[in-house]
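A closer look at the structure
What follows is the residue order along each chain.
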Amino acid sequence: AQSVTQLDSHVSVSEGTPVLLRCNYSSSYSPSLFWYVQHPNKGLQLLLKYTSAATLVKGINGFEAEFKKSETSFHLTKPSAHMSDAAEYFCVVSAGPNSGNTPLVFGKGTRLSVIA
Amino acid sequence: DSGVTQTPKHLITATGQRVTLRCSPRSGDLSVYWYQQSLDQGLQFLIQYYNGEERAKGNILERFSAQQFPDLHSELNLSSLELGDSALYFCASSVPGQGGGYTFGSGTRLTVV
């Protein structure tokens, strides 16, 4: 079965410093991977997705992630954190090979705090 | 507005009661998914419908059921409610095929008292 492991439950950074949220995946198929963000009392917003095209994926708000098959990783990065980035981040894998028609499997989430 | 509409936004009900949550998918999306988000379990997949048919089942309790109607909207029915059913329930819809996107609604917060 497909799964993702988010290696940190909480990450705290200072405003203006880089962000790194770590995610490892396990998949029997060539995976489709996603990062979603959830701000307090809000819904889930797609940050970016990897679907076997370029291994470096650029998303919204300056975030990007790199798919590394040899390391089974899909870490999320941002060069400079902003106060508005404080939120819960979820690494997600598609449960089957047919992305867009199979359920998503969510990691447990990483809470990002940004300190002024 | 994501294009996926969930109603109601908030629901407070008593133990033992039954409630219905509604989801209208994004225009053109045939798949609808239901998820439950709770503090202890995180985001759990409940059930998927595709064009009116059940496609996949996750950790859905027998007290819960869902259906998708001909106009593609979906309803999640929760019965014999328990305190532990208090959670945020999300609906998502998707476009099939590689690279298909998943769009989430803003959720229904259910509180069982």
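Description of the structure in this document. Remember, it's a predicted structure, so these values are computed and weren't measured experimentally. (Residues numbered from 1 in each chain as written. Chains lettered and ligands numbered in written order. Predicted model: local features only at pLDDT ≥ 70, side-chain atom pairs only at ≥ 80, totals over all residues. Heavy atoms only, no water.)

Structurally, D85(A) can be placed in the loop between strand 9 (73-78) and strand 10 (87-94). Apart from residues lying up to four places away in sequence, D85(A) is in contact with F63(A), K78(A), S80(A), L112(A) and V114(A). (Helix = DSSP H or I, 4+ residues; strand = E, 2+ residues; numbered from the N terminus. Contact = heavy atoms within 4.5 Å.)

Next up on the list: the nonpolar core. Residues and elements named next belong to chain A. Ranked by internal contacts, the top residues of the largest apolar core, which has 26 residues, are W35, L48, L76 and Y89. Looking at this core, the element that brings in the most residues is strand 10, giving 4 residues. For Y89, the contacting residues outside a window of four places in its chain are Q6, L21, W35, Y36, V37, L47, F63, L76, G109, T110 and L112. (Core = buried A, V, L, I, M, F, W, Y, C linked by side-chain atoms within 4.5 Å. Buried < 20%, exposed > 50% of the residue type's maximum accessible area, 1.4 Å probe, protein only.)

This paragraph deals with the packing of aromatic side chains. Residue and element names in this part refer to chain A. All told, the structure shown has 15 aromatic pairs over all chains when counted by the stated rule. On the numbers, 6.0 Å between centres and 80° between planes, the contact of F90 with F106 is edge-to-face. Of the two residues, F90 is situated in strand 10 and F106 in strand 11 (residues 104-106); the sequence distance between them amounts to 16 residues. Considered together, F90 and F106 belong to a single accessibility category, that of buried residues. (Phe/Tyr/Trp six-rings, centres within 6.5 Å; stacked < 30°, edge-to-face > 60°.)

This brings us to the interface of chain B and chain A. Listed by partner, the interface residues are 25 residues for chain B and 21 residues for chain A. Between chain B and chain A, a total of about 1700 Å² is buried, with carbon and sulfur atoms accounting for 49% of that surface. Here chain B is connected to chain A by 0 salt bridges. For the pair chain B and chain A, the number of links is 7 residue pairs in polar contact (both at pLDDT 80 or more). Counting only elements with at least two residues in the side of chain B that touches chain A, the list comes to strand 4 (31-38), strand 5 (42-50), strand 6 (53-57), strand 9 (87-94) and strand 10 (102-104) of chain B. For the side of chain B that touches chain A, the class distribution of residues is 12 nonpolar, 11 polar and 2 charged. (Buried area = accessible area lost by both parts, 1.4 Å probe. Salt bridge = Lys/Arg side-chain N within 4 Å of Asp/Glu carboxyl O. Polar contact = N/O pair within 3.5 Å; in protein donor to acceptor, adjacent residues only side chain to side chain. Nonpolar A, V, L, I, M, F, W, Y, C, P; charged D, E, K, R; others polar.)

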